[in-house]
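Understanding the architecture of this molecule
Listed here are the chains, written in short residue letters.
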Amino acid sequence: IDLKGGQCVRLRKGDYATAHKVAEDAVGTAKEFLSAGARLIHMVDLDGAKSGSRANYDVVRRVIDQTSAAVELGGGIRSMEDLRFVLGLGVSRAVIGSAAVRNPHFVKEAVSIFGERIAVGIDARGGTVRTDGWMNDTGEDYIAFARKMAGYGVKTIIYTDIEKDGMLEGPNFTQLEALRQAVSCVIVASGGVSTLEDVRRLKVLGIDEAIAGKAVYTGALDLAAAIREAE
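The text that follows walks through the structure, step by step, so that each part is easy to find. Small disclaimer: the values here were computed from a predicted structure and weren't measured. (Residues numbered from 1 in each chain as written. Predicted model: local features only at pLDDT ≥ 70, side-chain atom pairs only at ≥ 80, totals over all residues. Heavy atoms only, no water.)

1. Here we look at the overall build of the protein chain
The helix and strand inventory of the protein chain stands at eleven helices and twelve strands. Every one of the 231 residues in the protein chain was classed for burial, and the buried ones make up 53%. The long-range fraction of contacts in the protein chain, counting pairs at least 24 apart against all pairs at least 6 apart in sequence, stands at 64%. For the protein chain, the accessible surface area stands at approximately 9800 Å², while carbon and sulfur atoms represent 46% of it. Once the 29 positive and 31 negative side-chain charges of the protein chain are each reduced to a mean point, those two points are 1 Å apart. (Helix = DSSP H or I, 4+ residues; strand = E, 2+ residues; numbered from the N terminus. Buried < 20%, exposed > 50% of the residue type's maximum accessible area, 1.4 Å probe, protein only. Contact = heavy atoms within 4.5 Å. Areas by Shrake-Rupley, 256 points an atom, 1.4 Å probe, with all protein chains shown as cover. Lys, Arg positive; Asp, Glu negative; His and termini not counted. Charge placed at Lys NZ, Arg CZ, Asp CG, Glu CD.)

2. Looking at the pattern of salt bridges
Close approach of charged atoms allows side chains of opposite charge to pair. Applying the stated criterion to the full structure yields 13 salt bridges. Here R62 ties to D25 by a salt bridge, and the two come within 3.8 Å at their closest N and O atoms. Of this pair, R62 sits in helix α3 (residues 57–67) while D25 sits in the loop between β3 (15–23) and α1 (26–35), placing them 37 residues apart in sequence. E72 is paired through a salt bridge with R93; the nearest N and O atoms lie 2.5 Å apart. Residue E72 is located in strand β5 (residues 71–74), and its partner R93 is located in strand β6 (residues 93–96); the two are separated by 21 residues in the primary sequence. When its relative accessible area of 11% is taken as the criterion, R93 is described as buried. Here the salt bridges do not stand alone but share partners, grouping E72, R93 and E209 into one network. (Salt bridge = Lys/Arg side-chain N within 4 Å of Asp/Glu carboxyl O.)

3. Here's the deal with the packing of aromatic side chains
Taken as a whole, this structure holds three aromatic pairs when the rule is applied. Between the NZ or CZ atom of R54 and the centre of the ring of F85, over which it lies, the distance is 4.4 Å. Above the ring of F173, the side-chain terminus of R201 is found at 3.7 Å from the ring centroid. (Phe/Tyr/Trp six-rings, centres within 6.5 Å; stacked < 30°, edge-to-face > 60°. Lys NZ or Arg CZ within 6 Å of the ring centre and 35° of its normal.)

4. Overview of unusual backbone geometry
Residues other than glycine predominantly adopt negative phi, and peptide bonds predominantly adopt the trans conformation. The phi torsion at S68 lies on the positive side, around 60 degrees, for a residue other than glycine. When you line up the elements, S68 lands in the loop between α3 and β5. The exposure class of S68 is exposed, given its relative accessible area of 66%.

5. Notes on the environment of G90
Among the secondary structure elements, G90 is positioned in the loop between α4 (80–88) and β6. Residue G90 is classed as partly exposed on the basis of its relative accessible area, which comes to 34%.

6. Some thoughts on the packing of helix α7 (residues 142–151) against helix α8 (residues 173–182)
Two quantities define a packed helix pair, namely the angle between the helix axes and the distance between the axes. Closest axis-to-axis distance for the α7/α8 pair is 10 Å, and the angle between their directions is 35 degrees. Crossing of α7 over α8 shows right-handed handedness. Of α8, the residues touching α7 (which contributes Y142, I143, A146 and R147) are Q175, A178, L179 and A182. (Axes fitted to C-alpha atoms, helices over the stretch in contact; angles between N-to-C directions. Left-handed = near helix turned anticlockwise from the far one by under 90°.)

7. Quick word on α3
When α3 is considered as a whole, its buried residues turn out to be Y57, V59, V60, V63, I64 and T67. Down the axis of α3, the sector holding all buried residues measures 165 degrees, keeping them to one side. Of the exposed residues in α3, those oriented more than 90 degrees away from the buried face are D58 and D65. Of the surrounding elements, those touching the buried residues of α3 are β1 (2–4), α1, β4 (41–45), β5 and α4. S68 sits one or two positions beyond α3 and adopts a positive phi of about 60 degrees. (Arc of directions from axis to C-beta.)

8. Quick notes on the side chain of R10
Secondary-structure assignment places R10 in strand β2 (residues 7–12). Classification of R10 as buried rests on a relative accessible area of 8%. Within the local environment of R10, its side chain forms a polar contact with the side chain of D2, the two groups lying 2.7 Å apart. (Polar contact = N/O pair within 3.5 Å; in protein donor to acceptor, adjacent residues only side chain to side chain.)

And the structure:
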């Protein structure tokens with residue numbers, strides 16, 4: 001569930017100008033996902049990712065309070081203060097993205113205190129890591145960055161190939177396979193997951209978890225069937 005201005009939206013290739021509403025209500029959407037068998041709801045605060053604002057946190061809190069869902073949240077978590085606030089909302093797993101690039105010590109400290117409740121999101125285009133809502137290219141190789149994060153004790157890495165996000169064209173299996181061979185962390189595939197065959201191929205590669213978004217909203221992917229396939 002991606003949030004912008006309090007609404008459930010989707011982007012194409014991370015372009016904020018392409019944001020379009022895909023659901024009426026985040027709580028209702030989360031309930032639908034849970035009824036299909038989902039055990040973790042992945043939420044992204046797009047406003048937070050771009051500007052560091054907390055404009056969507058009330059929506060996140062409502063989802064947790066009204067559904068009792070396990071929620072994973074990313075977007076705009078840039079300091080220990082932000083992290084403690086997010087976890088205080090009841091979030092099960094917090095995703096550090098841009099801040100992991102700019103301030104690796106923050107990741108080290110976060111992992112030392114909160115352990116497996118911390119995940120690092122690696123968003124890449126052309127194999128290099130992007131930050132700030134995918135707008136800035138750091139030039140850092142995604143594999144090298146993943147190894148660095150694993151060295152800090154990070155147990156979960158969420159990998160998004162921006163070119164695949166919202167395109168319903170399947171994940172970047174080549175990059176995911178290389179990442180799987182490089183680190184022993186839990187790897188979560190994000191971006192382009194749209195068919196049961198995608199889920200099967202991810203399993204074969206040894207990918208641990210997958211995030212589905214646009215394909216579920218459009219009906220291209222039957223979430224309940226995908227979860228059964230994943231299990």
